Structure formats: C-alpha cells, structure tokens
Amino acid sequence: MLRARFAAVAVTAVAALVAAGCSNSQASVNRRPHTGVTTAVVVGGLQIVTVDANDVYRFVPSTIYVHPGRVEIDLVNAGKGAPHDWSLLSFGYTTPLTGSGQHSSITFTTPSPGTYTYVCTIHRNQGQTGTLVVLPD
Ligand SMILES: [Cu+2]
C-alpha cells in the first residue's frame, strides 16, 4: 500500500516536470506571423529592397521577389533593442550587424532562379527568417 502511494506521488512529480518543460519550450518558440511581400524597385538597373528588422525578431517584408541580376538590400533596424543583420547565409551575402535606428546595405548578384531563405545571423533560432524568391528569367 505504501509502495503504491509512493509510485503515485512519483508519477505525479514526473508529470509536473514534463508539463513545466513543455510550457517553457512553447513560451520560447516565436510564433509571431511573418508578414509583408514585396517586389524590388528597379533604379538604374539595380533592384532595391528595403527590409525592416524589429524587436520581435521578424523581417518586414518577410518575402521578397526579385529578378535575376543585381540586388541591393537596405536593412533598417526599426527596433529599440537588439542589433540585426540580413544574410543570405548560404552565399555569404550578409549586411553588417546594424544597431537600433541604424541602417546598412549589401549589394549582390542573385543566385539562379529559385527560393532561398534569408536570416538574421544572431536571431535565426528565434525565427528571424524570410524568403527571397529569384524569379525565372
Ligand atoms: Cu536579429
């Protein structure tokens, strides 16, 4: 009888720990939506896109359409907190780390048509990512 009661207490304690672990991990996942879609504005043959980074670890717009060619990404840190950058990581195209209220840019030639993920290199684990779509020629 005593053994059965001990087992019930142990099961309850483990269940409480598991529940606490679950609620903690859910709280740390950034479930905010990714918003904004834009197509680059072409100025003198250069496709220019302004992207805001914010305090909730999102890029706005989070989806960017470009045509093959030269692209300039102008990153604006619209937040009041952490610095951010914009990186097409797999190609090594990364703006400087940009503080609150600052902006920076990077110019590059698009990779071949397709869909690519861009990230903030220091907040990708918080879901600060976006999609760059290079349209077909
Ligand atoms: Cu960031």
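Predicted, not measured: the structure shown is a model, and the values here were computed from it.

Mind showing me how you'd approach the overall build of the protein chain here?
A count of helical and extended segments in the protein chain gives one helix and 11 strands. Secondary structure of the protein chain in N-to-C order comes out as α-β-β-β-β-β-β-β-β-β-β-β.

How should I be thinking about the pairing of strand E3 (residues 46–53) in this particular structure?
Residues in a regular strand point their side chains to alternate faces of the sheet. Residues Gln47, Val49, Val51 and Ala53 of E3 are buried on one face, while the alternating residues Leu46, Ile48, Thr50 and Asp52, pointing to the opposite face, are not. Note that strand E2 (residues 41–43) and E3 share three bridges and pair antiparallel. Paired with Val43 across the two strands is Leu46, which belongs to E3. The hairpin turn running from E2 into E3, its antiparallel successor, is two residues long, and Gly44 in that turn takes a positive phi close to 55°. Sheet topology note: the E3/strand E6 (residues 70–77) ladder contains seven bridges and is parallel. Residue Ile48 lies in a different strand from E6, and its bridge partner there is Glu72.

How should the nonpolar core be read in this particular structure?
For soluble globular proteins, the rule of thumb is that nonpolar side chains tend to be buried together. If you look at the biggest cluster of nonpolar residues, it comprises 17 residues, and the most contacted ones within it are Val49, Val51, Ile73 and Trp86. What Val49 contacts, discounting residues up to four positions off in sequence, is Thr38, Ala40, Ile64, Val71, Ile73 and Asp74.

Could you clarify how one ought to interpret the environment of Arg32 in this entry?
Mapping Arg32 onto the fold places it in the loop between helix H1 (2–28) and strand E1 (37–39). Linking Arg32 and Gly127, residues 95 residues apart in sequence, is a C-alpha distance of 8.9 Å. Among residues more than four places away in sequence, those in contact with Arg32 are Val56 and Arg58.

Reading guide: rules and limits
Residues numbered from 1 in each chain as written. Predicted model: local features only at pLDDT ≥ 70, side-chain atom pairs only at ≥ 80, totals over all residues. Helix = DSSP H or I, 4+ residues; strand = E, 2+ residues; numbered from the N terminus. Buried ≥ 20, exposed ≤ 12 C-beta atoms within 10 Å, placed from the backbone. Pairing = 2+ DSSP bridges. Core = buried A, V, L, I, M, F, W, Y, C linked by C-beta atoms within 7 Å. Contact = placed C-beta atoms within 7 Å.

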